[in-house]
Amino acid sequence: MAKFNFKGRDASGGMIEGVLDGASADAVTTLLFGRGITPIEIKQNEETGEGGGLNNFFKPKILHEDIALFTRQLNTLLKAGVPIMRALAGLQESASNPTMKGLIGNLREDLDSGREFAQCIGRHNKVFTSFYIAMVRVGEMTGLLEDILLRLYHHLEFQQFMRNQVKSALRYPTFVVIAMAIAIMVINILVIPAFAKVFAGFGSELPLMTRILLGFSNFMVAYWPHLIAGIAAAVYGFITWTKTKRGGYDWDRIKLKIPVAGKIIEKATLARFAASFALASRSGVPIIQAMNVVAQTVDNHYISSKVEGMRNTVERGESVLRAAIQARVFTPVVLQMIAVGEESGSLDEMMQEVADLYQREVEYELKTLSAQIEPILIVFLGALVLVLALGIFMPMWDLGKVSMGKK
């Protein structure tokens, strides 16, 4: 057996860390759930992780859509009165993804061995989120698994919609920036060297801007392999940095401050948080435990830390409204809605309203994205044209004036 370091939270939301022996990370996950601990992170002590090699590399991944479809189909079958073992057998036969087919087969084997369904999916915590597992456990405890699965399906649909919205928001500015970078490289490597031959015959001192352009162009022509290697190294270093705990936190915080796109990402993230919290609260999960699992669903380490802070504030006996104010991520309108929901006892409904509000705002921001970003792009393009005009055409203009004076 290998040793695994784990981090998790108990039923009261307290952080627990330790080391457990287990045959695999899945086995450790099952052991933790059996002790009432929701795992957050499980890592093997040895440098080598769980096996798999090239076979796992070439296996098709289980996508978000696969989990959503599985959830909806299982809900439909259970609602029709089909026993869960027969339902899983049917889903295994109809699954088009071989990896998903194998996962459902593992779920059937675990159920057949006497485990609860929440424990079965808990053994696959790389596929099912801690929020999903917690909701299924609540459904089994309350006898409302069918309803919980339907709510989870709508929640998964909502998450996918928000992710797609954010990706579409970032696609256009990313494309424009890449196109501008390529244009600058082409101009410096192909266009400016051609003009350099003309400028060499002038026999007079060139303007400062022209000398800067020529120097930068000569540098790119002479060292372009080093530049490409440097860019590749920088990209690799950036990706590696964002995968670290501190780097991921800092990058997620920086993303929220990006002009135009930052506020879209923030509103989409808060919409996911509010929808997750509403689902957990509506399903009967205690507020502290709900915030604990919801913090893992927002896909942003910075916002997740804010939610953790809210959980700690509520745990100390403060109201959700006070915790939301201290988080400093909600608008005044949203804070009013939280206050009304807490006072009237309908916090889950108000949090769903918050999710809907942020979703509408994200959709509006995306529709007006082109109008917001065009002025920024025009300024950058104007600056690029101005530099090229000053650097390339001014010497030729001066040469023309000299020629006219000689006549």
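These lines cover the structure that appears in this document, whether it is placed above or below. As the structure is a computational prediction, the values presented were derived from the model and not from experiment. (Residues numbered from 1 in each chain as written. Predicted model: local features only at pLDDT ≥ 70, side-chain atom pairs only at ≥ 80, totals over all residues. Heavy atoms only, no water.)

Of regular secondary structure, the protein possesses 17 helices and 3 strands. By the compact-globule yardstick of 22 Å for 407 residues, the protein is too spread out, its C-alpha radius of gyration being 28 Å. Dimensions of the protein, computed from C-alpha atoms along their principal axes, come out at roughly 100 × 55 × 40 Å. When burial is assessed residue by residue, the protein has 40% of its 407 residues classed as buried. Sequence separation of 24 or more characterises 61% of the internal contacts of the protein that already satisfy a separation of 6 or more. Approximately 22,400 Å² of the protein is accessible, and the part contributed by carbon and sulfur atoms is 61%. Between the mean site of the 42 positive side-chain charges and the mean site of the 38 negative ones, the protein shows a separation of 8 Å. (Helix = DSSP H or I, 4+ residues; strand = E, 2+ residues; numbered from the N terminus. Rg over C-alpha atoms; globule rule 2.2 N^0.38 Å. Buried < 20%, exposed > 50% of the residue type's maximum accessible area, 1.4 Å probe, protein only. Contact = heavy atoms within 4.5 Å. Areas by Shrake-Rupley, 256 points an atom, 1.4 Å probe, with all protein chains shown as cover. Lys, Arg positive; Asp, Glu negative; His and termini not counted. Charge placed at Lys NZ, Arg CZ, Asp CG, Glu CD.)

Before going further, it helps to examine the side chain of Gln 359. Within the fold, Gln 359 resides in helix 16 (residues 347–367). Beyond its immediate sequence surroundings of up to four residues, Gln 359 is in contact with Phe 158, Phe 161, Met 162 and Ala 271.

Moving on to the nonpolar core. Formed by 83 residues in total, the largest nonpolar core has its most connected members in Phe 70, Leu 74, Phe 117, Tyr 132, Phe 273 and Phe 330. When sequence neighbours within four positions are dropped, the list of residues in contact with Phe 273 reads Val 294, Val 298, Val 307, Met 310, Phe 330 and Met 351. (Core = buried A, V, L, I, M, F, W, Y, C linked by side-chain atoms within 4.5 Å.)

To continue, consider helix 11 (residues 261–282). Helix length check: helix 11, at 22 residues, gives a terminal C-alpha distance of 32 Å against a target of 32 Å (1.5 Å per residue), a fit within 8%. In terms of burial, helix 11 is largely enclosed, as 18 of its 22 residues are buried. Phi turns positive, to about 95°, at Gly 284, one or two residues after helix 11. (Expected span 1.5 Å × (residues − 1).)

Attention now moves to the environment of His 154. Along the chain, the position of His 154 falls in helix 8 (residues 145–200). By relative accessible area, which is 45% here, His 154 ends up partly exposed. For the pair His 154 and Asn 75, spaced 79 residues apart in sequence, the C-alpha to C-alpha distance is 12 Å.

Moving on, we come to the packing of aromatic side chains. Taken as a whole and judged by the stated rule, the model has 8 aromatic pairs. An aromatic cluster of three or more residues is present, and its members are Phe 70, Phe 128 and Tyr 132. (Phe/Tyr/Trp six-rings, centres within 6.5 Å; stacked < 30°, edge-to-face > 60°.)

Applying the stated criterion across every chain, the model contains 10 salt bridges. The salt bridge partner of Asp 250 is Arg 246, with a shortest N-O separation of 3.3 Å. Of the two residues, Asp 250 and Arg 246 are both situated in helix 10 (residues 245–255); the distance of 4 residues between them amounts to about one turn of the helix. One salt bridge in this structure joins Lys 263 and Glu 365, with 3.7 Å as the shortest N-O distance. Taken together, the residues Lys 263 in helix 11 and Glu 365 in helix 16 connect sequence positions 102 residues apart. Residue classification places Glu 365 among the buried residues on the basis of a relative accessible area of 9%. Via salt bridges that share partners, Lys 263, Lys 267, Glu 361 and Glu 365 belong to a single interconnected network. (Salt bridge = Lys/Arg side-chain N within 4 Å of Asp/Glu carboxyl O.)

The packing of two helices is summarised by the inter-axis angle and the distance between the axes. One can describe the packing of helix 9 (residues 208–243) onto helix 10 by two numbers: an axis separation of 5 Å at closest approach and a directional angle of 100°. Taken as axis vectors, helix 9 and helix 10 run roughly perpendicular relative to one another. Listed contacts from helix 10 to Phe 238, Trp 241, Thr 242 and Lys 243 of helix 9 are Lys 245, Gly 247, Gly 248, Asp 250 and Trp 251. In the contact of helix 9 with helix 10, the residues fall into 3 nonpolar, 3 polar and 3 charged. (Axes fitted to C-alpha atoms, helices over the stretch in contact; angles between N-to-C directions. Parallel < 35°, antiparallel > 145°, perpendicular 65-115°, else oblique. Nonpolar A, V, L, I, M, F, W, Y, C, P; charged D, E, K, R; others polar.)

At Arg 328, a residue that is not glycine, the phi angle is positive and equals roughly 60°. With respect to the helices and strands, Arg 328 occurs in the loop between helix 14 (320–327) and helix 15 (332–344).

Attention shifts here to helix 13 (residues 301–315). Between its first and last C-alpha atoms helix 13 spans 21 Å; for 15 residues at 1.5 Å apiece the expected length is 21 Å, and the two agree. The complete set of buried residues in helix 13 reads Tyr 302, Ile 303, Ser 304, Val 307, Glu 308, Met 310, Arg 311, Thr 313 and Val 314. N-capping of helix 13 is provided by Asn 300, with a side-chain oxygen placed 3.0 Å from the backbone N of Tyr 302. Gly 317 lies just past helix 13 and shows a positive phi near 105°. (Polar contact = N/O pair within 3.5 Å; in protein donor to acceptor, adjacent residues only side chain to side chain.)

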